[in-house]
Each structure stands twice: as structure tokens, then as C-alpha cells.
Amino acid sequence: MTISVDEYFRVQKKSTRKKEPRYIAVINKNSCTSCNSCATVCPVDCIYEVPGVLPSESYHQIDTTRCIGCQLCYRVPSESTDYYQLVVCPWNAIDMLYNPAQKSTPTVLEPYYRGEPQEEMPWDEIEEFGYALYLNEELRVRPHDEIRQKVMDFFTSPVWARNGEEPFRICDPQFEEHDGYRLYRATPEGLQLLIEVFEGYPKVFMD
Ligand code: SF4
Ligand code: SF4
């Protein structure tokens, strides 16, 4: 699911919802065959096709700023209790993810921060990008992307630790330049922390 999640993290459009849902749906474009089953059930019509040059290259994506987290594209609770019959997508390409804009739940990396307390820590972004880093073990950041660069400043500083440990960096401060991106990689200690925090992540359900 890494590609669609990465795009979801990269797009970062502002939501117009009055109330943030606890979960939002995302599509793994590598698994999606563009069959359109999910789009036909979405009550807010926020699932759209991204056409490819060839039909086989088309896939669907979700406008996560409009998704209301109803799960109708994810499962059909009224039809059966059998998991395999509950799934709407024949390719199991849809996941429901914790919505980082939902403020009532504390972010999961916060207890591991050992740096100076700052008034405006971008915890929501730190959680989102930490999750992307957990999935991909690397993050691509455009130099002019101020929010991501700010998160990278935290990830590349030795301000993270479990209880009793020396603080360490989540990402190696050395980055590679590729096609206008800076490519940051997780450090072994940082990756171990992310695995601890996000493996079995209770806010992300499904396989
Ligand atoms: S969870 Fe609901 S609103 Fe969101 S994409 Fe799926 S069907 Fe649409
Ligand atoms: S139901 Fe699955 S395969 Fe079909 S368009 Fe939606 S995500 Fe793609």
C-alpha cells in the first residue's frame, strides 16, 4: 500500500469537512484494477479514476479531504459476517487509516520525544510522516516543502528515545538528491522505534 499512502501524505490538501472522521480510506494503486466497485458505493462520490495511457494502467484513488470514513467502500457489514464476503474491493486494495487531523487522540510518537518542549510541535505531520517512514524506510522531501522539512529537522535530531536510553535520530541527516527530492533514510534505531510504535498500530485496522 505504500504508493497510495505516500501520495496521500504528499498531497496534503486542506479538508473542508466540518467534523473530522476517525478513519479515512486509501487505495493501494498497485493492487487496484480500476474495476470501479468502490466508486459506485461511495456516498460522497470522492473516489475517482486516474486514467492510464493503457486501460491496464488506470487505477482509482480517494480524495481523502472529502472521505467521511463511512467504510462503505471497505466492507459491507449488512451482507454477511464472513470476512471475505464483506470486502467490497475484489483485490483488497482499500485500507482504512487513522485520520491524523482528528485531534482527540494523542499522537503515538509524542511519548518518545526527548527534545526541548516547543509550543507548536507539528505532531500530526510527525505522525503521518513517521508512518510513511515506517512503511517505506525512507522519505522523499522537496526542499521547498516547509512542513516536511520542519518534520525532518525533528527526525534528524537526536531527540528520540525510549525510557532509559540515550537519545537517537530517527533519520540519518545525510540525504541523497534525486530528481529534485531529498531522500532521507531511517536510522536502525529510528526504524526499530517506528516498528515498535506502528506495528500493530491500533489506529490502522485491517490486514
Ligand atoms: S470510506 Fe466512505 S466516504 Fe470514504 S471513500 Fe470509502 S465510501 Fe467514500
Ligand atoms: S474496488 Fe478495488 S480494484 Fe476496484 S476500483 Fe476500487 S480499489 Fe480499485
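Everything numeric in this text was worked out from a predicted model, so none of it was measured. (Residues numbered from 1 in each chain as written. Chains lettered and ligands numbered in written order. Predicted model: local features only at pLDDT ≥ 70, side-chain atom pairs only at ≥ 80, totals over all residues.)

Asker: Explain the site of ligand 2 here, please?
Answerer: As a matter of local geometry, ligand 2 sits amid 14 residues, with C32, C35, S37, C38 and C89 nearest to it. Here the residues of the shell around ligand 2 sort into 9 nonpolar, 5 polar and no charged. (Near = placed C-beta within 6 Å. Nonpolar A, V, L, I, M, F, W, Y, C, P; charged D, E, K, R; others polar.)

Asker: Is there a simple way to think about the environment of I147 in this case?
Answerer: Tracing the backbone through its elements, the reader meets I147 in helix 5 (residues 146-155). Spatially, the C-alpha atom of I147 lies 8.2 Å from that of P122, the residues being 25 residues apart in sequence. Excluding its chain neighbours within four sequence positions, the residues that come into contact with I147 are P122 and E125. (Helix = DSSP H or I, 4+ residues; strand = E, 2+ residues; numbered from the N terminus. Contact = placed C-beta atoms within 7 Å.)

Asker: Looking at this model, I keep getting lost on the packing of helix 4 (residues 123-136) against helix 5. Mind explaining?
Answerer: A pair of packed helices can be characterised by two numbers: the angle between their axes and the separation between those axes. For the pair helix 4 and helix 5, the least separation of the axes is 10 Å and the interaxial angle reads 80°. Taken together, helix 4 and helix 5 sit at an angle that is classed as roughly perpendicular. On the side of helix 4, the interface is formed by E125, I126 and F129, while helix 5 contributes I147, R148, V151 and F154. Here the contact of helix 4 with helix 5 is composed, by residue class, of 5 nonpolar, no polar and 2 charged. (Axes fitted to C-alpha atoms, helices over the stretch in contact; angles between N-to-C directions. Parallel < 35°, antiparallel > 145°, perpendicular 65-115°, else oblique.)

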